[in-house]
Amino acid sequence: RFYGASSHAASSPERGRSALDGVEAMDHMVNLMREHLPQEARIHYVITNGGLAPNVVPDFAEVYYYVRHPDPRTLDEIWARVVKAAEGAAVGTGTRVEHEIIHAVYSLLRNETLAKVMDRELRAVGGVQYDAQEREFAQKLQATMPPPVRPLGSEAQIQPFRLEQRYGSTDVGDVSWVVPTTSVRTATFVPGTPGHSWQAVAAGGMSIGFKGMNVAAQTLARTAVSLYREPSILKEARREFAALRGPDFRYRALLGERTPPLDYRD
């Protein structure tokens, strides 16, 4: 959050110090910084407050950042550089800056033992099967998508088992460092759909999305039954969990001791 001084942008611009200039200077420096970050890093931002009118020098502006890296130690180093960019932007624009960390989550700690059980049960359930009406709807949606687009029919196929690094964020990551955890991904939207797109919403709100969730629900239920029936799985999952986490690990919330800001969008 940058704080400056308001003035009339035409008649007395010399009296103003633009908080928006502070935001834009910070954003520019962070964008230059991208060239010098580890390959796995991701940084995105939105300007949540940029002023009220073009003829008023804004005395307040706010920018909201996500900074990501699989290793929390590397993440801390990148975040410190982002904060320095904000401080430098404030000095250069004659404004004042303050920052607040409102969210922070761990990367997922994989558990291959549980993942393989989940994969086995997913294959027993099978993929999503479109009827003629759903297939027609899917074809219309795919026509609006940028390439590459996966072929229709792939929603019915179970992909080969593999462990890979993904770049979404979830508080399940924190859970996975406290108890052995796994998850399942199913086709709740048309193959090739970008996440957070209107096409994803369109499919998620009708039978295509419902069918994908039904596959997920059946898979989760079958996995739970397998864990009850085969205690050896739990033992092996715990062994893998302890080995990957390490003997000296102690969970601490990356958010610190503060209460999560549940109203941060208000």
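Provided above is the structure to which this section pertains.
Source: prediction; values computed, not measured.

Visitor: Talk me through the packing of aromatic side chains; I want residue IDs and the actual numbers.
Guide: With the rule as written, the count across this model stands at seven aromatic pairs. Between Trp177 and Phe249, the ring centres sit 4.9 Å apart and the planes meet at 35°, which makes this aromatic pair tilted. Of this pair, Trp177 sits in the loop between α5 (172-176) and α6 (198-204) while Phe249 sits in the segment after α8 (231-245), and the two are 72 residues apart along the sequence. The exposure class of Trp177 is buried, given its relative accessible area of 17%. Overall, Phe249 belongs to the buried group, its relative accessible area being 17%. Chaining the aromatic ring pairs together yields one cluster made of Tyr106, Trp177, Phe249 and Tyr251. Over the aromatic face of Tyr3 sits the side chain of Arg96, whose NZ or CZ is 4.3 Å from the ring centroid.

Visitor: Please provide a residue-by-residue account of the nonpolar core, values included.
Guide: Of all hydrophobic cores here, the largest spans 20 residues; its most connected members are Phe2, Met26, Val30, Ile43 and Val82. Every element with two or more residues in this core is listed here: α1 (19-33), β3 (60-68) and α2 (72-93). Considering each element in turn, this core owes the most residues, seven residues, to α2. Ignoring sequence-local partners within four residues, the contact set of Val82 consists of Met26, Val30, Met33, Ile43 and Val67.

Visitor: Quick one: what's the story with the packing of helix α7 (residues 207-229) against α8, residue by residue and with numbers?
Guide: Where α7 meets α8, the closest approach of the two axes is 5 Å, and the angle between their N-to-C directions is 95°. With respect to their mutual orientation, α7 and α8 come out roughly perpendicular. Counted together, Ser226, Leu227, Tyr228 and Arg229 of α7 and Pro231, Ile233 and Leu234 of α8 form the full contact between these two elements. For the contact of α7 with α8, the residue count by class is five nonpolar, one polar and one charged.

Visitor: Help me get a handle on the side chain of Asp119, residues and values and all.
Guide: The topology assignment puts Asp119 in helix α3 (residues 112-125). Taking the relative accessible area as the measure of exposure, Asp119 reaches 16% and is therefore buried. A distance of 3.0 Å separates polar atoms of two side chains, one belonging to Asp119 and the other to Arg123. Non-local contacts of Asp119, meaning those with residues more than four positions away in its chain, are made with Ile158, Gln159 and Phe161.

The rules behind the values
- Residues numbered from 1 in each chain as written.
- Predicted model: local features only at pLDDT ≥ 70, side-chain atom pairs only at ≥ 80, totals over all residues.
- Heavy atoms only, no water.
- Phe/Tyr/Trp six-rings, centres within 6.5 Å; stacked < 30°, edge-to-face > 60°.
- Helix = DSSP H or I, 4+ residues; strand = E, 2+ residues; numbered from the N terminus.
- Buried < 20%, exposed > 50% of the residue type's maximum accessible area, 1.4 Å probe, protein only.
- Lys NZ or Arg CZ within 6 Å of the ring centre and 35° of its normal.
- Core = buried A, V, L, I, M, F, W, Y, C linked by side-chain atoms within 4.5 Å.
- Contact = heavy atoms within 4.5 Å.
- Axes fitted to C-alpha atoms, helices over the stretch in contact; angles between N-to-C directions.
- Parallel < 35°, antiparallel > 145°, perpendicular 65-115°, else oblique.
- Nonpolar A, V, L, I, M, F, W, Y, C, P; charged D, E, K, R; others polar.
- Polar contact = N/O pair within 3.5 Å; in protein donor to acceptor, adjacent residues only side chain to side chain.

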